[in-house]
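Descriptive analysis of the structure
Here's the letter readout for the chains.
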Amino acid sequence: MSLSSMTGFSRASGSCEGFHWQWEIKSVNGKALDVRFRLPQGFDHLEIAVREAVSRRFKRGNLQIGLVSDGIGTQETLVVNQVVLEQVLLLAEQLGKRLGSEAPRVEGLLALRGVLEPGQASVDEDTAKRRDAKMLESLDEALDNLLKARRAEGAKLADVIGRQLSRIEELTIAARDNPARSVEAISKRLAEQVGRLMNANATFDVDRLHQEAVLIATKADIQEEIDRLFAHVAAARKLVLTPEPAGRSFDFLAQEFNREANTLCSKASDRSLTQAGLDLKTVIDQMREQVQNIE
């Protein structure tokens, strides 16, 4: 089976020169391919490469890609907030002139909130390139794992849909071979209807009644719907085996299945045929729910 689902989850981790990270990817149903990110500050430049890696593997689905890091491998530093420091010095100078106090000491200034802020030492360009390359390698691992997960789920979908197609085929065969569709049954039913009309009003034109009976029988014939249902089953089974994304095609076929079942119900002139149409609609609705998960 070649179907692929749009739901799945995967993760992959890695490290480079003391820097550790982990990718987490969650995929759910979507009409198109939509990728959203949760990247730490300073790693936005990876977004383009990540999108390209995703589009090489997937055509549909909403993907949420997160990157987390424990920060190991970065050197924490303290940075002086020059704006805050200048404001503090200005206030200290103004107060010193008014009160005649001594100039503030350095250690006192640095102890004030907002003057000193935590920072990180910048990573040199070569180290950053090596780190980014390793991070993208582990991203590929996470995406490959997600691809496997979606295909495994797709195999389960293919099995479920295969059973539903077999059931649709069985119900279509039952409708085709229903005794109520035999020439004898149709003739008897029409004769009874014409007889009731003749008993009610003897002035009816017999030839006209015959023409109307033929027209009614033609309109009530469900052979075209049965033929199309068989054709849709064959087309759906081919889609199950196609290596290409088949979700949109399956969704269209499910609508066509439903249309034929509705027409069959509206044309049915016997309770047993109506029930066959209703049973078809039930299975088709169940299949449509599964089809929404196919890529």
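These numbers come from a predicted model, not from an experiment.

The next thing to look at is the packing of helix α8 (residues 247–267) against helix α9 (residues 271–291). Following both chains from N to C, one finds α8 and α9 inclined at 165°, their axes separated by 9 Å at the closest point. The angle between α8 and α9 places the two elements in the roughly antiparallel class. For the pair α8 and α9, the crossing hand works out as left-handed. Within the contact between the two elements, α8 uses Gly247, Phe250, Asp251, Ala254, Gln255, Phe257, Asn258, Ala261, Asn262, Leu264 and Cys265 and α9 uses Leu273, Thr274, Gly277, Leu278, Leu280, Lys281, Ile284, Asp285, Met287, Arg288 and Val291.

Moving on, we get to the packing of aromatic side chains. Within this structure, the stated rule accounts for two aromatic pairs. Ring centres of Phe19 and Phe43 lie 5.9 Å apart, and the angle between their planes is 25°; this geometry places the pair in the stacked category. Placement of the pair is Phe19 in strand β2 (residues 19–28) and Phe43 in the loop between β3 (33–38) and α1 (47–55), with a sequence separation of 24 residues. The residues Phe19 and Phe43 share a single accessibility class, namely buried. Cluster of aromatic residues (ring-pair linked, three or more members): Phe19, Trp21 and Phe43.

The topology assignment puts Gly114 in the loop between α3 (106–111) and β6 (116–120). For the pair Gly114 and Gln82, spaced 32 residues apart in sequence, the C-alpha separation works out to 9.8 Å. Apart from the residues lying within four places of it in its own chain, the contact partners of Gly114 are Asn81 and Val84.

Quick look at the nonpolar core now. Core analysis: the largest hydrophobic core is formed by 32 residues, its most contacted members being Leu3, Ile161, Ile168, Phe250, Phe257, Leu280 and Met287. Breaking this core down by element, the ones donating at least two residues are α4 (125–176), α7 (223–241), α8 and α9. Beyond its immediate chain neighbours, meaning those up to four positions away, Phe257 contacts Leu165, Ile168, Leu229, His232, Val233, Ala236, Ile284 and Met287. Among the nonpolar cores identified, the runner-up in size contains 24 residues, and Cys16, Ile25, Val50 and Phe58 belong to it.

Quick look at the pairing of strand β4 (residues 61–69) now. Where β2 lies against β4, eight bridges are found, and the strand directions are antiparallel. Within the sheet, the bridge partner assigned to Ser27 lies in β4 and is Leu63. The handedness of the β3 to β4 crossover, carried by α1, is left-handed.

The four strands lie next to each other as β1-β2-β4-β3, forming an open sheet whose pairing is mixed. Of all the strands in the sheet, the pair left with one neighbour each is β1 (8–16) and β3. Ignoring which end each strand starts from, the neighbouring axes of this sheet average 15° apart. Pairing geometry for β3 and β4, over six bridges, is parallel. Across the sheet, residue Arg36 finds its bridge partner in β4, namely Gln64. In the packing of α1 onto the sheet, contacts are made with β2, β3 and β4, and the angle to β3 comes to roughly 145°. Of the strands in this sheet, β1, β2 and β4 are in contact with α4, which crosses β2 at around 30°.

Counted by the stated rule, this structure contains 18 salt bridges. A salt bridge links Arg163 to Asp159; its shortest N-O distance comes to 2.4 Å. One end of the pair, Arg163, and the other, Asp159, are both in helix α4, four residues apart, so they sit about a helical turn from each other.

On to the packing of α4 against α7, then. In contact at an axis separation of 10 Å, α4 and α7 are set at 165° when each is read in the N-to-C sense. With respect to α7, the element α4 is oriented roughly antiparallel. Crossing geometry of α4 relative to α7 is assigned as left-handed. Across the interface between the two elements, Ala158, Leu165, Ser166, Ile168, Glu169, Thr172, Ile173, Ala175 and Arg176 of α4 pack against Ile226, Leu229, Phe230, Val233, Ala236, Arg237 and Val240 of α7. For the contact of α4 with α7, the residue count by class is eleven nonpolar, two polar and three charged.

Before going further, it helps to spend a moment on unusual backbone geometry. A positive phi angle is found at Glu17, which is not glycine, with a value near 55°. Following the sequence through the fold, Glu17 ends up in the loop between β1 and β2.

A few words now on α1. All of the buried residues along α1 are Val50, Ala53 and Val54. With its buried residues spanning 100° around the axis, α1 presents them on a single face. Taken together, the buried residues of α1 touch β2, β3, β4 and α4.

Our focus in this paragraph is α8. Along an α-helix, a turn takes 3.6 residues, which lines up residues three or four apart on a common side. Taking 1.5 Å of rise per residue, the 21 residues of α8 would be expected to cover 30 Å, and the 31 Å separating its terminal C-alpha atoms lies within 8% of that figure. Within the sequence span of α8, burial applies to Gly247, Phe250, Leu253, Ala254, Glu256, Phe257, Asn258, Glu260, Ala261, Leu264 and Cys265. Lining the buried residues of α8 we find α4, α7 and α9.

Rules used throughout
Residues numbered from 1 in each chain as written. Predicted model: local features only at pLDDT ≥ 70, side-chain atom pairs only at ≥ 80, totals over all residues. Heavy atoms only, no water. Axes fitted to C-alpha atoms, helices over the stretch in contact; angles between N-to-C directions. Helix = DSSP H or I, 4+ residues; strand = E, 2+ residues; numbered from the N terminus. Parallel < 35°, antiparallel > 145°, perpendicular 65-115°, else oblique. Left-handed = near helix turned anticlockwise from the far one by under 90°. Contact = heavy atoms within 4.5 Å. Phe/Tyr/Trp six-rings, centres within 6.5 Å; stacked < 30°, edge-to-face > 60°. Buried < 20%, exposed > 50% of the residue type's maximum accessible area, 1.4 Å probe, protein only. Core = buried A, V, L, I, M, F, W, Y, C linked by side-chain atoms within 4.5 Å. Pairing = 2+ DSSP bridges. Right-handed = clockwise from strand over helix to strand, strands pointing away. Salt bridge = Lys/Arg side-chain N within 4 Å of Asp/Glu carboxyl O. Nonpolar A, V, L, I, M, F, W, Y, C, P; charged D, E, K, R; others polar. Arc of directions from axis to C-beta. Expected span 1.5 Å × (residues − 1).

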